[in-house]
Amino acid sequence: MGDKAKARETAKSIGVPILPGSDGPVRTYEEAVEVAKSIGYPVILKASAVGAAAACASATAKRPERGVDTARSEAERAFGSADVYIEKVLEHPRHIEIQVFGDTQGRIVSLGERECSIQRRHQKLIEESPSPALTHDLRKAMGEAAIRLCQAVTTSTPGPIEFLFRMGSSISWK
């Protein structure tokens, strides 16, 4: 899952909920505007490379090109690739990470979640476990979705699967 745009495609293909956005990276300004108009503003452009929290930019209907140029430039400088993808902005979300662990025999388990919503400049300041926002059923559904995603990419490395969640909305994988 080293490419977030491809990870989104995989999640979508196996029924793991994702935010509305581009199908793969957007490479031209015109393509970015088309996607943004189809899902509605505001949108966020993110670098496809893993660890790309710093390479994000928002775009509005008034000046969409600024977000595209900023995100592509930051992604290129930070990761050597200007590939970015677009997602609809989910206002006031909770950032939930499901910790997963797999072995070389194909077994994958969910080790629970952390709430990582308190952030500054896309960097976590506080992690809380368990999340006070999740019900038992939602916690179970997110854990199962994280496991399905890991099975789809046949990973055996430990790590988090990140979700954005807003009360009253369906879960969305990020």
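Please refer to the structure higher up on the page.
Points about the overall build of the protein chain
Then comes step 1: The secondary structure content of the protein chain amounts to 4 helices and 8 strands.
Then comes step 2: In sequence order, the protein chain lays out its α and β elements as α-α-β-β-α-β-β-β-β-α-β-β.
Then comes step 3: Counting every position in the protein chain, which comprises 174 residues, the buried fraction comes to 39%.
Then comes step 4: Partitioning the intrachain contacts of the protein chain with sequence separation of at least 6 by distance along the chain shows that 58% fall at a separation of at least 24.
Then comes step 5: Per element, the accessible surface of the protein chain, about 9,400 Å² overall, is 52% carbon and sulfur.

Looking at helix 1 (residues 4-13)
Then comes step 1: Taken together, the buried positions of helix 1 are Ala5, Ala7, Arg8 and Ala11. Buried residues of helix 1, seen end-on, are gathered within an arc of 160 degrees and therefore sit on one face of the element. In helix 1, the exposed positions that point more than 90 degrees away from the buried face belong to Lys6 and Ser13.
Then comes step 2: Following helix 1 by one or two positions, Gly15 has its phi on the positive side, about 85 degrees.

Concerning unusual backbone geometry
Then comes step 1: Omega for the peptide link from Tyr41 to Pro42 comes to 0 degrees, which places this bond in the cis form.
Then comes step 2: Relative to the assigned elements, Pro42 resides in the loop between helix 2 (29-39) and strand 1 (43-47).
Then comes step 3: Even without being glycine, His92 reaches a positive phi, approximately 55 degrees.
Then comes step 4: Its location among the elements puts His92 in the loop between strand 3 (84-88) and strand 4 (94-102).
Then comes step 5: His92 gets classed as exposed once you look at its relative accessible area, which sits at 73%.

A few points about the nonpolar core
Taken as a class, soluble globular proteins show a tendency for nonpolar side chains to be buried jointly.
Then comes step 1: Membership of the largest hydrophobic core comes to 18 residues, with the highest contact counts inside it found for Ile96, Ile98, Val100, Met142, Ile161, Phe163 and Phe165.
Then comes step 2: Breaking this core down by element, the ones donating at least two residues are strand 4, helix 4 (136-152) and strand 7 (159-165).
Then comes step 3: When residues of this core are assigned to their parent elements, the largest contribution, 7 residues, is made by helix 4.
Then comes step 4: If you look at the next biggest cluster of nonpolar residues, it comprises 12 residues, including Val26, Ala32, Ala75 and Val84.

Some thoughts on the pattern of salt bridges
Side chains that differ in sign of charge can pair as their charged atoms come close.
Then comes step 1: All chains considered together, the criterion is met by 11 salt bridges.
Then comes step 2: In this structure, the salt-bridge partner of Glu87 is Lys46, at a minimum N-O distance of 2.9 Å. Residue Glu87 is found in strand 3, and its partner Lys46 is found in strand 1; the two are separated by 41 residues along the sequence.
Then comes step 3: Arg107 is the salt-bridge partner of Asp103, the closest N and O atoms lying 2.6 Å from each other.
Then comes step 4: Salt bridges sharing common partners tie together Glu97, Arg114, Lys124 and Glu127.

What counts and how
Residues numbered from 1 in each chain as written. Predicted model: local features only at pLDDT ≥ 70, side-chain atom pairs only at ≥ 80, totals over all residues. Heavy atoms only, no water. Helix = DSSP H or I, 4+ residues; strand = E, 2+ residues; numbered from the N terminus. Buried < 20%, exposed > 50% of the residue type's maximum accessible area, 1.4 Å probe, protein only. Contact = heavy atoms within 4.5 Å. Areas by Shrake-Rupley, 256 points an atom, 1.4 Å probe, with all protein chains shown as cover. Arc of directions from axis to C-beta. Core = buried A, V, L, I, M, F, W, Y, C linked by side-chain atoms within 4.5 Å. Salt bridge = Lys/Arg side-chain N within 4 Å of Asp/Glu carboxyl O.

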